[in-house]
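What the coordinates show
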Amino acid sequence: MLIRPRVPEDLDACVEALALVQAADRYPVDWPDDPAGWLRPGDLTGAWVAAEAGAVLGHVGLARDTEITRLFVVPAARGRGLAARLLGTVRAAVRGPLELEVSSEGAAAIAFYERSGWRRVGSGRAGWLNAAGEPALVHRYVNP
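Now for a look at the structure at hand.

Calculation criteria
Residues numbered from 1 in each chain as written. Predicted model: local features only at pLDDT ≥ 70, side-chain atom pairs only at ≥ 80, totals over all residues. Heavy atoms only, no water. Core = buried A, V, L, I, M, F, W, Y, C linked by side-chain atoms within 4.5 Å. Buried < 20%, exposed > 50% of the residue type's maximum accessible area, 1.4 Å probe, protein only. Helix = DSSP H or I, 4+ residues; strand = E, 2+ residues; numbered from the N terminus. Salt bridge = Lys/Arg side-chain N within 4 Å of Asp/Glu carboxyl O. Arc of directions from axis to C-beta. Contact = heavy atoms within 4.5 Å.

**Considerations on the nonpolar core**
Counting 36 residues, the largest nonpolar core has Leu-39, Ile-68, Leu-86, Val-90, Tyr-113 and Trp-118 as its most contacted members. Put simply, the parts of the chain that give this core at least two residues each are helix H1 (11-25), helix H2 (35-38), strand E2 (44-52), strand E3 (55-63), strand E4 (67-73), helix H3 (82-93), strand E5 (99-103) and helix H4 (107-115). Looking at this core, the element that brings in the most residues is H1, giving six residues.

Rendered as C-alpha cells:
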C-alpha cells in the first residue's frame, strides 16, 4: 500500500473509488454533477491517495492548509488502517492544528475521529441537505 500525493492522472480512479463509497455510504450525500471537480475544490491546497496495484483505495484532501476534506476509503479496503494513514500523511505535511467537518449522519466516521483523539469543538447546520432533505447537522473537530 502506497500513500502518495495525488496527481492529475489519478482523478478517474478517484472518481471510481468515490462512486463505490457513495453507493455504500451516501458520501457525498448527492452525487456531484462533476465528481472530478468535486474532488478539486477551489480552496484545495493538497491531496493524497492510498493506492495499491494501480487502484485508488482511499483519498484525502487539504483545504486552506488547515482543513481535512474529501476523506474516503473504498468499502473493500476498510479495516486496514487506511483512513488513519491518510490522516497521518496530512498531519506530517502540515504544521499546526487541523480541522474537519463531518455530518451527524456519518456515525462510523464520527466514531473513528473520536477514537483517534479528534475533539469536537462545535456543531451547526450546513448549506447542503442531508438524506432527510433538511439542512445537514455537521460537527467540527480539531486534531489531537
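Having put the structure on the table, let's press on.
**Re the pattern of salt bridges**
For the structure on display, the rule yields 10 salt bridges. Notably, a salt bridge pairs Arg-64 with Glu-67, separated by 2.4 Å at the nearest N-O pair. Notably, a salt bridge pairs Glu-67 with Arg-140, separated by 3.3 Å at the nearest N-O pair. Highlighted residues: Glu-67 in strand E4 and Arg-140 in strand E7 (residues 135-142), separated in sequence by 73 residues. Given the relative accessible area of 13%, Glu-67 is considered buried. Connected through shared salt-bridge partners, Asp-43, Arg-64, Glu-67, Glu-99, Glu-101 and Arg-140 make up one network.

**A look at H4**
Among the residues of H4, Ile-110, Phe-112 and Tyr-113 are the ones counted as buried. Buried residues along H4 cover an arc of 160° about the axis, so they all sit on one side. Counted as exposed and oriented over 90 degrees from the buried face of H4: Ala-107, Ala-108 and Arg-115. As for H4, its buried residues are in contact with E4, H3, E5, strand E6 (119-129) and E7. Phi turns positive one or two residues past the end of H4, at Gly-117, with a value near 95°.

**Focus: unusual backbone geometry**
The omega torsion across Tyr-27 and Pro-28 is -5°, close enough to zero to call that bond cis. With phi around 50°, Ala-53 is a residue other than glycine that occupies positive phi space. Structurally, Ala-53 is set in the loop between E2 and E3. The phi torsion at Arg-70 lies on the positive side, around 55°, for a residue other than glycine. One can find Arg-70 in strand E4.

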